[in-house]
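Examining the three-dimensional arrangement
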Amino acid sequence: MTTNSSPQLWLYDTTLRDGTQREGLSVSIEDKLRIAKRLDQLGVPFIEGGWPGANPKDVQFFWQLQEDPLKQAEIVAFCSTRRPNSTAATEPMLQDILAAGTRWVTIFGKSWDLHVTTSLKTTLEENLAMIRDTIEYLRSQGRRIIYDAEHWFDGYKHNPDYALQTLEAAIASGAEWLVLCDTNGGTLPHEVSQIVQDVVTVTGELGTGDWGLGARKDSSQSPIPNPQSPIPQIGIHTHNDSEMAVANAIAAVMAGAKMVQGTINGYGERCGNANLCSLIPNLQLKLGYSCITEDQLTQLTEASRFVSEVVNLAPDEHAPFVGLSAFAHKGGIHVSAVERNPLTYEHIQPEQVGNHRRIVISEQSGLSNVLAKARSFGINLDELKAEAKQILQRLKDLESEGFQFEAAEASFALLMHEALGDRQKFFEVKGFQVHCDLIEGKETSNALATVKIAVDGKNILEAAEGNGPVAALDAALRKALVNFYPQIATFDLTDYKVRILNGHTGTAAKTRVLVESGNGRQRWTTVGVSTNILEASYQAVVEGLEYGLLLHSQAEAAVKASS
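1. Considerations on the overall build of the protein
A tally of regular secondary structure across the protein gives 18 helices and 16 strands. Counting all 563 residues of the protein, 52% fall into the buried class. Partitioning the intrachain contacts of the protein with sequence separation of at least 6 by distance along the chain shows that 67% fall at a separation of at least 24.

2. Remarks on a nonpolar patch on the surface
A cluster of nonpolar side chains, Leu 493, Tyr 496, Val 498, Ile 500 and Ile 533, forms an exposed patch at the surface whose accessible area comes to about 380 Å². Here the element with the most residues in the nonpolar patch is strand β14 (residues 492-500); it accounts for four residues. With respect to the element layout, Tyr 496 can be found in strand β14. For Tyr 496, a relative accessible area of 31% puts it in the partly exposed group.

3. Re the packing of helix α8 (residues 189-203) against helix α9 (residues 245-254)
In a pair of packed helices, the angle between the axes and the distance between the axes together describe the arrangement. For the pair α8 and α9, the least separation of the axes is 8 Å and the interaxial angle reads 30°. By the angle between their directions, the pair α8 and α9 is classed as roughly parallel. Judged by the twist between their axes, the crossing of α8 over α9 is right-handed. On the side of α8, the interface is formed by Pro 189, Val 192, Ser 193 and Val 196, while α9 contributes Ala 247, Asn 248, Ala 251 and Ala 252. Looking at the contact of α8 with α9, its residues break down into six nonpolar, two polar and no charged.

4. A look at the sheet that holds strand β16 (residues 523-530)
The strands making up a sheet are joined through hydrogen bonds of the backbone, oriented either antiparallel or parallel. One open sheet holds the three strands; their spatial order is β14-β15-β16, and the pairing between them is antiparallel. Both outer strands of the open sheet, β14 and β16, are each paired with one neighbouring strand and no more. Neighbour to neighbour, the strand axes of the sheet diverge by 20° on average, direction disregarded. Relative to strand β15 (residues 511-518), β14 is paired through eight bridges, and the arrangement is antiparallel. In the sheet register, Lys 497 faces β15, and the bridge partner there is Leu 514.

5. Section: the pairing of β15
Along β15, seven of the eight residues are buried, which leaves the element largely enclosed by surrounding structure. Taking the residues that link successive antiparallel strands as the turn, the β15-β16 hairpin has four residues, and the phi of Gly 520 there is positive, at about 90°.

6. Some points on the environment of Arg 423
Among the secondary structure elements, Arg 423 is positioned in the loop between α16 (409-420) and β11 (428-437). Separated by ten residues in sequence, Arg 423 and Ala 413 place their C-alpha atoms 9.5 Å apart. With residues up to four places along the chain from it excluded, the contact list for Arg 423 reads Leu 414, His 417, Glu 418, Glu 543 and Glu 546. Here the side chain of Arg 423 touches Glu 418 through a polar contact of 3.3 Å, side chain to side chain.

7. A few points about the pattern of salt bridges
When their charged atoms lie close together, side chains carrying opposite charge are able to pair. On inspection of all chains with the given rule, the structure shows 26 salt bridges. Of the charged contacts, one joins Asp 133 and Arg 82 as a salt bridge, the two residues approaching to 2.8 Å between their closest N and O atoms. Taken as a pair, Asp 133 in helix α5 (residues 124-140) and Arg 82 in the loop between β3 (74-80) and α3 (92-99) lie far apart in primary sequence, 51 residues in all. Overall, Asp 133 belongs to the partly exposed group, its relative accessible area being 22%. Residues Glu 191 and Lys 157 are paired through a salt bridge, measuring 3.5 Å at the closest nitrogen-oxygen approach. One end of the pair, Glu 191, is in helix α8; the other, Lys 157, is in helix α6 (residues 152-158), with 34 residues separating them in the sequence. The class for Lys 157 is partly exposed, based on a relative accessible area of 37%. Beyond isolated ion pairs, a larger network of salt bridges with shared partners links Glu 418, Arg 423, Glu 543 and Glu 546.

8. Quick word on the nonpolar core
One broad trend across soluble globular proteins is that nonpolar side chains are buried collectively. Judged by nonpolar contacts, the single largest core of 92 residues is most densely connected at Leu 138, Tyr 147, Trp 152 and Leu 283. Among the elements that line this core, the one with the most residues is helix α7 (residues 160-173), at seven residues. Counting 35 residues, the second-largest nonpolar core is a separate cluster that includes Ile 460, Leu 473, Ala 476 and Ala 540.

9. Quick look at the confidence of the model for the protein
Per-residue pLDDT for the protein averages 88, and the proportion of residues at 70 or more is 90%. Note on residues 206-226: pLDDT is under 50 here. Beyond four places in sequence and across chains, it has 45 contacts.

10. Here we look at the environment of Pro 45
In this structure, Pro 45 sits in the loop between α1 (29-42) and β2 (46-50). With a relative accessible area of 12%, Pro 45 lands in the buried category. Placed 34 residues apart in sequence, Pro 45 and Leu 11 show a C-alpha to C-alpha distance of 6.1 Å. Among all residues touching Pro 45, those that are not within four sequence positions of it are Trp 10, Leu 11, Gln 72, Ala 73 and Glu 74.

11. Quick notes on unusual backbone geometry
Positive phi, close to 55°, is recorded for Arg 270, a residue that is not glycine. By the secondary structure assignment, Arg 270 is in the loop between β8 (259-262) and α10 (276-286). The phi angle at Asn 312 is positive, at roughly 65°, despite the residue not being glycine. Among the secondary structure elements, Asn 312 is positioned in the loop between α12 (300-310) and β9 (328-329).

12. Regarding the packing of aromatic side chains
How two aromatic rings sit relative to each other is set out by the distance from centre to centre and by the angle between their planes. Across all of its chains, the model carries twelve aromatic pairs by this definition. Centroid distance Phe 46 to Trp 104: 5.3 Å. Interplanar angle 85°. Geometry classified as edge-to-face. Of this pair, Phe 46 sits in strand β2 while Trp 104 sits in strand β4 (residues 104-110), and the two are 58 residues apart along the sequence. Owing to a relative accessible area of 1%, Phe 46 belongs among the buried residues under this scheme. On the basis of an interplanar angle of 15° and a centroid distance of 5.2 Å, the ring pair of Phe 78 and Phe 108 is categorised as stacked. With Phe 78 in strand β3 and Phe 108 in strand β4, this pair connects stretches of sequence that are 30 residues apart. The exposure classification of Phe 78 matches that of Phe 108, with both residues buried. Linked through ring pairs, Trp 10, Tyr 12, Phe 46 and Trp 104 together constitute an aromatic cluster. Lys 32 extends its terminal NZ or CZ atom over the ring of Phe 61, reaching a point 4.9 Å from the ring centre.

Procedures and definitions
- Residues numbered from 1 in each chain as written.
- Predicted model: local features only at pLDDT ≥ 70, side-chain atom pairs only at ≥ 80, totals over all residues.
- Heavy atoms only, no water.
- Helix = DSSP H or I, 4+ residues; strand = E, 2+ residues; numbered from the N terminus.
- Buried < 20%, exposed > 50% of the residue type's maximum accessible area, 1.4 Å probe, protein only.
- Contact = heavy atoms within 4.5 Å.
- Patch = residues over 30% accessible without salt bridge, like charges linked within 9 Å, V, L, I, M, F, W, Y side chains within 5 Å.
- Areas by Shrake-Rupley, 256 points an atom, 1.4 Å probe, with all protein chains shown as cover.
- Salt bridge = Lys/Arg side-chain N within 4 Å of Asp/Glu carboxyl O.
- Axes fitted to C-alpha atoms, helices over the stretch in contact; angles between N-to-C directions.
- Parallel < 35°, antiparallel > 145°, perpendicular 65-115°, else oblique.
- Left-handed = near helix turned anticlockwise from the far one by under 90°.
- Nonpolar A, V, L, I, M, F, W, Y, C, P; charged D, E, K, R; others polar.
- Pairing = 2+ DSSP bridges.
- Polar contact = N/O pair within 3.5 Å; in protein donor to acceptor, adjacent residues only side chain to side chain.
- Core = buried A, V, L, I, M, F, W, Y, C linked by side-chain atoms within 4.5 Å.
- pLDDT = per-residue confidence, 0-100.
- Phe/Tyr/Trp six-rings, centres within 6.5 Å; stacked < 30°, edge-to-face > 60°.
- Lys NZ or Arg CZ within 6 Å of the ring centre and 35° of its normal.

The following block contains the structure:
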């Protein structure tokens, strides 16, 4: 819980620049704009948009934001210091930075003497001149500067005197933020804590002139300093190569850092960056810092999933705070306890971050799981204990055969309706055939599926083609049903997963198929199991269509009841 007196932290999102360096992640200009606007709604005050001039995509991104600016966030351009033995005023890449039209610019420079001599192949003194000249030039053009001290922690550990000289150069030139970067991701929290304390102590001596910079009239510690007389604040930028990015960022904040840089879902190069979806709730709910409003915090889960959808990466279902399983309870004892008091097995209220509690159904479930899961589907079994026990036994029997209902909650809902005797019969499949053509020399094969179904006592025979047997079967079923249920046209098969359950039996192995379907507003998953992969797929696809029709029927009933 934050209050008006809660200490302010400044979030800096670099998903659009550092996050896109993740292997396998690529975004268009439109994708970047959508993500930037979503982060703006989330209340992130600084959004790093990319490196203007590094590629045409980033140039156009900044141009479009000049035409249609964000509502509250500062969009930030990113760039390195000038090249060795040149001048900032004649550096072409800095002209691209100015053309981006942002008030804030993040400049990164070398802190580690090893990188100066090995990567830049220049002298230590020239590196200091590059920092000073770049920042002074951009300040003279009216820009406000965030200085990212690249490889700061490695540099400080190897040569603390020189590392501090690089910060001195940035401060003397007018940088308003000094962001300490654990670029290699190898530093541990106790080291981060001590080193950040050292830097906070040194920068706090600015007013005494200990660094030869002269006394400052403005000794304010406001998070965004006075641009006319900046006394810099400290920020932190961590990578996750040691699985310490979030812990290191928190250690830095507790040692005095006022800005936290990170990415949504922890996207980033190699092992990723500090995950803002974990950092924000930890800092705000557990440590009492003010990062975003409480209303904006409830949008965190949706924002996480939105970004994963835009970048076309599957959401991490086990991610802390925002994952589908973050507040999922499977063991019967756990479910019974959390039903009485959520504090027994939940460290926060899921709704605080826009998530929700889930009761998982499996062979480990007890009666309390079944009762709780039934309530989540609007079915009250509390007064029907005999039916609930029947459902539980049926569940355990099916899972012993290889079914899995943890990830197939739609199939479990249909199982419950079946046990209660109120499962709607939207259609009945009388049979199906699938024929595949595999022609030598052709890279693709064609499949033809024929299905026979009955709807309201009327038999329908339909056929359809697909690029595989499951696609053809799905198409034939939809073709047969769409005239009776037009809403099926809005259903999509969004994911298809196959798992071999007993591989030691070779091609005779039992197969489990999970099918995820959606209607543009909701998603649901169904399961099928058989030694015949087509039969397992048929079970899952048919139940997916059936559950989608059930959802539509329930929605129509709710509308009629309210009118």
